[in-house]
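# Results of the structural survey
Listed below, chain by chain, are the residues.
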Amino acid sequence: MCRNTIGVFQAYVKEHQLKDYSESTIGWIFGIYAFLAFLCSIQIGPLFDVRGPKMLILAGSILICASMFLLGLCTRKSCQTQLTLNSSNLGQNTGISFWFSAS
């Protein structure tokens, strides 16, 4: 999930997976995602200086793809937890940080 598509994902999740939850509850998931994506970018800068962009882009692509595939395993009962922990905030934040710090 790129940084400029957070709102699209939030609207889709609100309409489909988490339609029983309020907008403010769902907003926390994507707010934490945006915060951690920018926070992780600060940590990736020195790694970019030492290693260059190739490995960062490769690692970021793998993490983002794996997070999207794991998002497909989200069930109705575990969707909010799955979105918060797995796809939105752990794998994708690191992957997005690798991508945008390297470009």
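As the structure is a prediction and not an experimental result, all values here were calculated from the model.

This paragraph deals with the overall build of the chain. When you go through the chain residue by residue, the secondary structure sums to four helices and zero strands. Listing each helix as α and each strand as β along the chain from the N terminus yields α-α-α-α. Per-residue burial for the chain yields a buried fraction of 32% across its 103 residues. Here the contacts in the chain between residues at least 6 apart in sequence split such that 74% fall between residues at least 24 apart.

Moving on, we come to helix α1 (residues 6–15). Of all the residues in α1, the buried ones are I6, Q10 and V13. One face of α1 carries all of its buried residues, which in axial projection span an arc of 70°. Looking at α1, the residues exposed on the side facing more than 90 degrees away from the buried face are V8 and E15.

For the rest of this paragraph, the subject is the nonpolar core. Listed in full, the nine residues of the largest apolar core are I6, V13, L18, I26, I29, F30, Y33, I64 and I96. If you list the elements that add at least two residues to this core, you get α1 and α2 (23–51). Tallying contributions element by element places α2 first for this core, with four residues.

Attention now goes to the packing of α1 against α2. The geometry of a pair of packed helices is captured by two quantities: the angle between their axes and the separation between those axes. Where α1 meets α2, the axes come as close as 10 Å, and the angle between the chain directions of the two elements is 145°. For α1 against α2, the interelement crossing comes out right-handed. Facing α1, whose interface residues are I6, F9, Q10, V13 and K14, α2 presents E23, I26, G27, F30, Y33 and A34. In terms of residue class, the contact of α1 with α2 is made up of seven nonpolar, two polar and two charged.

Our next topic: the side chain of Q10. Within the fold, Q10 resides in helix α1. Apart from residues no more than four positions distant in its own chain, Q10 is found in contact with E23, I26, G27 and F30.

Here A59 shows up in helix α3 (residues 53–71). The exposure class of A59 is partly exposed, given its relative accessible area of 28%. As a C-alpha pair, A59 and T94 span 35 residues in sequence and 8.9 Å in three-dimensional space.

There is a patch of nonpolar side chains on the surface, built from F35, L39 and I42 and spanning about 320 Å² of accessible area. Note on placement: L39 falls in helix α2.

Criteria and cut-off values
All chains use their own residue numbering, which begins from 1 and follows the written sequence. Local features are withheld for residues below a pLDDT of 70 in this predicted model, meaning they are given only at 70 or higher, and side-chain atom pairs are given and counted only at 80 or more; totals for whole chains, interfaces and linings count all residues. Only hydrogens and water are set aside when side-chain values are computed; all heavy atoms of the structure are taken into account. Strands are runs of DSSP state E lasting at least 2 residues, helices are runs of H or I lasting at least 4, and numbering of each runs from the N terminus. When a residue's accessible area, from a 1.4 Å probe over protein chains only, is under 20% of the maximum for its type it is buried; when over 50% it is exposed; and in between it is partly exposed. We call two residues in contact when some of their heavy atoms are within 4.5 Å. The directions from the helix axis to the C-beta atoms are what the arc is built from. In this description, a nonpolar core means a group of buried Ala, Val, Leu, Ile, Met, Phe, Trp, Tyr and Cys residues linked to one another through side-chain atoms lying within 4.5 Å. The convention used is that axes are lines fitted to C-alpha atoms, helices contributing only their stretch in contact, and that angles between N-to-C directions extend from 0 to 180 degrees. The hand of a helix crossing depends on one turn: near helix anticlockwise from the far one by less than a right angle means left-handed, and clockwise means right-handed. Here the nonpolar group is Ala, Val, Leu, Ile, Met, Phe, Trp, Tyr, Cys and Pro; Asp, Glu, Lys and Arg are the charged ones; every other residue, Gly included, is treated as polar. Patch definition: residues with relative accessible area over 30% and no salt bridge; like charges joined within 9 Å; nonpolar side chains (Val, Leu, Ile, Met, Phe, Trp, Tyr) joined within 5 Å. In these tables, accessible area is a Shrake-Rupley quantity obtained with a 1.4 Å probe, and a residue counts as shielded only by the protein chains included in the view. The salt bridge definition used is simple: a Lys or Arg side-chain nitrogen within 4 Å of an Asp or Glu carboxyl oxygen.

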